[in-house]
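# Summary of the model geometry
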Amino acid sequence: MADIKQFHSQLIRLGLSTDNDAMGRLIKFCSVSETGDLYYALKVFEQMPHPDPFVYNTLIRGFSRAPQLAHHSALLYIQMLQQEQPLLQPNKFTFPPLVKSCCCSCCGEIGDAHVEFGRQVHAHVVKFGFCEDVFTQNSLIDMYVGWGLLVEGRRVFDEMPERDVVSWTSLVNGYSRRGLVDEAFEVFEAASERGSVGWNAMVAGFVRSGRLREAFALLERMWAEEKKLDKYAAASMLAACAGLGALEQGELIVDYLKKSGIELDGKLSTAVIDMYCKCGSVDKALEFFAGLSRRALSSWNCMIGGLAMHGQGEAAVNLFREMEREKIAPDNITLVNVLSACAHAGLVEEGKHYFHYMKEVHGVEHTMEHFGCMVDLLGRSGRLSEARKLIDEMPMSPDVGVLGALFGACKIHKEIELGEQIGRRVIELEPQNSGRYILLANLYASVGRWDDAAEVRKLMNDRGVKKAPGCSIIELDGAVSEFIAGGRTHPQSKEIYAKVDEMLECIRSEGYVPDKDTVLHDIEEDDRENPLYYHSEKLAIAFGLLKTTPGAMIRISKNLRVCKDCHQVSKLISKVYDREIIMRDRNRFHHFKKGECSCGDYW
DNA sequence: TTAGGGTTAG
């Protein structure tokens, strides 16, 4: 800006301070450039006796790009219409940014007033004759779908005399962002033009809705059609890989990024770190993180969270300290991850320390999530009364997450009375969450209260709540295979089941005793015989043993939490077959090696 | 001139 101010003073000396052409260029730089200064642009503008539409448009565009200041765009537009001498009319460059500014609400909330103003702007588009301008119409589509007014967005789209790739993409994006992924996909397939933004909108939609296989299928289609991934599509694809635990595909994307020279900005780097962590390769995440020349806050957060997920609590705390040494201010997410790292690794004193420290030293306020972590930390380690005390002292009333953490702790420590009380409360708060019923039923079962256990299961059935079937995924040679507990749909299921039997026979000599207590009341319960023996993770491990060379690591990703019996079996298999097994469950990783697990049986 | 990506406890 210093150069610009000097340039400005030169223009003034030359007597050009009221010249639209000269001042227009100056304003353009101040409003549109990354290093510009919108308020300076506004000051220059205020000195101009007769600004022209170019000047107005440029300022409107500048303000429309700053969500907090977008209301200035509307004010400028009104001012432009009110100007006399000379009378001004908006042109086709006026509306796209003006419409955009209608979409940006200053506080994240869209009020009726915003929508009303947007409709008035739409009326002006019609009045001034820009119904055939593709840019303006595209902006209107985006405005309506951004508010969730999909029918109106669709109407604009349908009435356009000509459409371009942005029109199609905006519509796809509108459906996709509202979770109407099927509708989005229909438009996507029908589109006469598809650009990388459209591919990305579609993949991101699938990822957001948890439809990872479909996201993945699109990635394969993109490779097949030799479509180039740009940094946005790559980030979405990495998120799909992270969700599925598809390390090989994720690495293909990272290789592609390196080869194509796409700039690794903060968001993309974070997506890479997240992919490595969630695919079980925390070492590669660390290596990648170490190689970054600039690290965004989200990258630090993601790396600390990744270490937490893998039970490397001390490493996570050390990384947090390194962050402090580099004078990077942590945010609430950083601290959620630090506390969760302490909880997963049983670092009780450290957790307590950072809980106070975050507020005192960094001024980060305690949120619900921080209390949730602390209740988990205290409860898991058996300090149930301390956890209760913390809940009682919370400044806000605890949400179902915080109570759920206490409930989980009751299950671990067989705190039947408190568990029953909290469990019932949590079930009523989230009556559709099957996991809560199962946990309470198992808590009753663990102390031999079979009738109560059956009553909870009946309650769940009566309410029509279904448990998601246990499902494990294993990626071999880039292909993802899926196993459902007790399922026999796999073409090689005969061999796989035989392998499971062989596995279990082998580990019996190492002292394996099936965890029979929970057989009938286990979260993986299935109608078939010996349900416990054919849990999805056992099937996936058997498949891994069949398909990989001796000594190769086996990576499995599971949709639910791993049960006690499968945990025990995995430990023994890692010893008997001399294999490392990395298993991701619903909330953390287990590294099985030589008969031990990285979680230290603390999960 | 218009459309897109990341990190959050249980």
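Note that the structure is predicted; figures quoted are calculated from it, not measured. (Residues numbered from 1 in each chain as written. Chains lettered and ligands numbered in written order. Predicted model: local features only at pLDDT ≥ 70, side-chain atom pairs only at ≥ 80, totals over all residues. Heavy atoms only, no water.)

## Some details on the UniProt feature "repeat: PPR" (unreviewed entry) in chain A
The positions UniProt marks with the feature "repeat: PPR" (unreviewed entry) are residues 133-163, 164-198, 296-330 and 433-467. Regarding residues 133-163, the helix share stands at 74% and the strand share at 0%, and the terminal C-alpha atoms are separated by 10 Å. End C-alpha to end C-alpha, residues 164-198 measures 12 Å, and it is 74% helix and 0% strand. (UniProt positions renumbered as here; feature names shortened; annotations may be inferred. Helix = DSSP H or I, 4+ residues; strand = E, 2+ residues; numbered from the N terminus.)

## Focus: empty space enclosed by the protein
This model, assessed by the stated rule, comprises one cavity of 30 Å³ or more. Looking at the largest cavity, its volume works out to about 30 Å³. What lines the largest cavity is Trp-168, Thr-169, Val-172, Phe-188, Ala-191, Glu-193, Arg-194, Gly-195 and Gly-198. Here the lining of the largest cavity gets three residues from one element, more than from any other, and that element is helix α10 (residues 165-177). For the lining of the largest cavity, the class distribution of residues is four nonpolar, three polar and two charged. (1 Å grid on protein atoms, 1.4 Å probe; cavity = no way out; pocket = protein on both sides within 12 Å on 5 of 7 lines; lining within 4 Å. Points joined across faces, edges and corners; volume = space filled by probe spheres on them. Nonpolar A, V, L, I, M, F, W, Y, C, P; charged D, E, K, R; others polar.)

## Section: the domain arrangement of chain A
Annotation of chain A at the domain level lists domain 1 (164-294) and domain 2 (475-597). Using C-alpha coordinates to define each centre, domain 1 is positioned 30 Å away from domain 2. Opposite the 15 residues of domain 1 that make contact, domain 2 presents 12 residues. A combined buried area of about 1,000 Å² lies between domain 1 and domain 2, and 42% of that area is made up of carbon and sulfur atoms. When the buried surface of domain 1 facing domain 2 is broken down by residue, Arg-213, Glu-248 and Gly-280 rank first, second and third, together holding 44% of it. At the junction of domain 1 with domain 2, the criterion picks out one salt bridge. Here Arg-213 ties to Glu-482 by a salt bridge, and the two come within 3.6 Å at their closest N and O atoms. Connecting domain 1 to domain 2 are 10 residue pairs in polar contact (both at pLDDT 80 or more). At the level of secondary structure, the elements contributing two or more residues to the side of domain 1 that touches domain 2 comprise α13 (212-224), α14 (231-244), α15 (247-260) and α16 (266-278). Taken together, the residues that form the side of domain 1 that touches domain 2 break down as seven nonpolar, five polar and three charged. (Domains from an automatic or database assignment. Contact = heavy atoms within 4.5 Å. Buried area = accessible area lost by both parts, 1.4 Å probe. Salt bridge = Lys/Arg side-chain N within 4 Å of Asp/Glu carboxyl O. Polar contact = N/O pair within 3.5 Å; in protein donor to acceptor, adjacent residues only side chain to side chain.)

## Structural notes on the protein's contact with DNA strand B
Not every one of the 45 residues close to DNA strand B is listed here, only the nearest: Asn-138, Asp-230, Asp-265, Ser-298 and Gly-401. Backbone atoms, meaning sugar and phosphate, form 41% of the atoms of DNA strand B found within 4 Å of the protein. Here a phosphate oxygen of DNA strand B sits 3.2 Å away from a polar atom, N or O, in the side chain of Arg-177. His-344 has a polar side-chain atom sitting 2.9 Å from a phosphate oxygen of DNA strand B. Taken together, the residues of the surface near DNA strand B break down into 13 nonpolar, 17 polar and 15 charged. (Near = heavy atom within 4 Å.)

## Let's talk about the layout of surface pockets
Put simply, the second largest pocket is a space of about 850 Å³. Residue lining of the second largest pocket: 29 residues in total, with Lys-100, Cys-103, Asp-142, Ser-170 and Asn-173 positioned closest to the centre. If you tally residues by element for the lining of the second largest pocket, the top one is α10, at seven residues. When grouped by side-chain class, the residues that make up the lining of the second largest pocket number 12 nonpolar, 10 polar and seven charged.

## Things to note about a positive patch on the surface
On the surface, a cluster of positive charge is contributed by Lys-28, Arg-61, Arg-65 and Lys-100. Looking at the element boundaries, Lys-28 is found in helix α2 (residues 20-32). Residue classification places Lys-28 among the partly exposed residues on the basis of a relative accessible area of 38%. (Patch = residues over 30% accessible without salt bridge, like charges linked within 9 Å, V, L, I, M, F, W, Y side chains within 5 Å. Areas by Shrake-Rupley, 256 points an atom, 1.4 Å probe, with all protein chains shown as cover. Lys, Arg positive; Asp, Glu negative; His and termini not counted. Charge placed at Lys NZ, Arg CZ, Asp CG, Glu CD. Buried < 20%, exposed > 50% of the residue type's maximum accessible area, 1.4 Å probe, protein only.)

## So, the packing of aromatic side chains
Scanning the model with the defined rule gives 15 aromatic pairs in all. Plain terms: the ring middles of Phe-355 and Phe-371 are 5.5 Å apart, the flat faces sit at 70° to each other, and that makes the pair edge-to-face. Highlighted residues: Phe-355 in helix α21 (residues 348-362) and Phe-371 in helix α22 (residues 368-380), separated in sequence by 16 residues. For the pair formed by Phe-355 and Phe-371, the shared burial category is buried. An aromatic cluster is present here, built from Phe-185, Phe-188, Trp-199 and Phe-206 joined pairwise through their rings. Just above the ring of Phe-157 sits the side chain of Arg-163; from NZ or CZ to the centre is 4.5 Å. (Phe/Tyr/Trp six-rings, centres within 6.5 Å; stacked < 30°, edge-to-face > 60°. Lys NZ or Arg CZ within 6 Å of the ring centre and 35° of its normal.)

## Looking at the nonpolar core
In terms of nonpolar packing, the biggest core is built from 157 residues, with Leu-59, Leu-238, Ile-253, Ile-273, Met-275 and Met-303 touching the most fellow members. When we break this core down by domain, the ones giving at least three residues each are domain 1 (164-294) and domain 2 (475-597). Residues in contact with Leu-59, not counting those within four places in the same chain, are Ile-27, Ser-31, Ala-41, Leu-42, Phe-45 and Leu-76. Counting 34 residues, the second largest nonpolar core, distinct from the first, contains Ile-496, Leu-545, Ile-554 and Ile-581. (Core = buried A, V, L, I, M, F, W, Y, C linked by side-chain atoms within 4.5 Å.)

## Some thoughts on the environment of Gly-346
Locating Gly-346 in the fold gives a position in the loop between α20 (332-345) and α21. For Gly-346, a relative accessible area of 31% gives the class partly exposed. Taking the C-alpha atoms as reference points, Gly-346 and Gly-600, separated by 254 residues in sequence, lie 9.8 Å from one another.

## What to know about the sheet that holds strand β6 (residues 596-597)
Taken together, six strands build an open sheet; the order of strands is β2-β1-β3-β4-β5-β6 and the sheet is mixed. Whereas interior strands pair on both sides, the edge strands pair on one side only; in this sheet they are β2 (479-484) and β6. Relative to β2, strand β1 (residues 471-476) runs antiparallel, the two sharing six bridges. Bridged to Ile-474 within β2 is Ser-481. Here helix α30 (residues 564-576) sits on the sheet in contact with β4 (581-584), β5 (589-593) and β6, set at roughly 35° to β5. (Pairing = 2+ DSSP bridges. Axes fitted to C-alpha atoms, helices over the stretch in contact; angles between N-to-C directions.)

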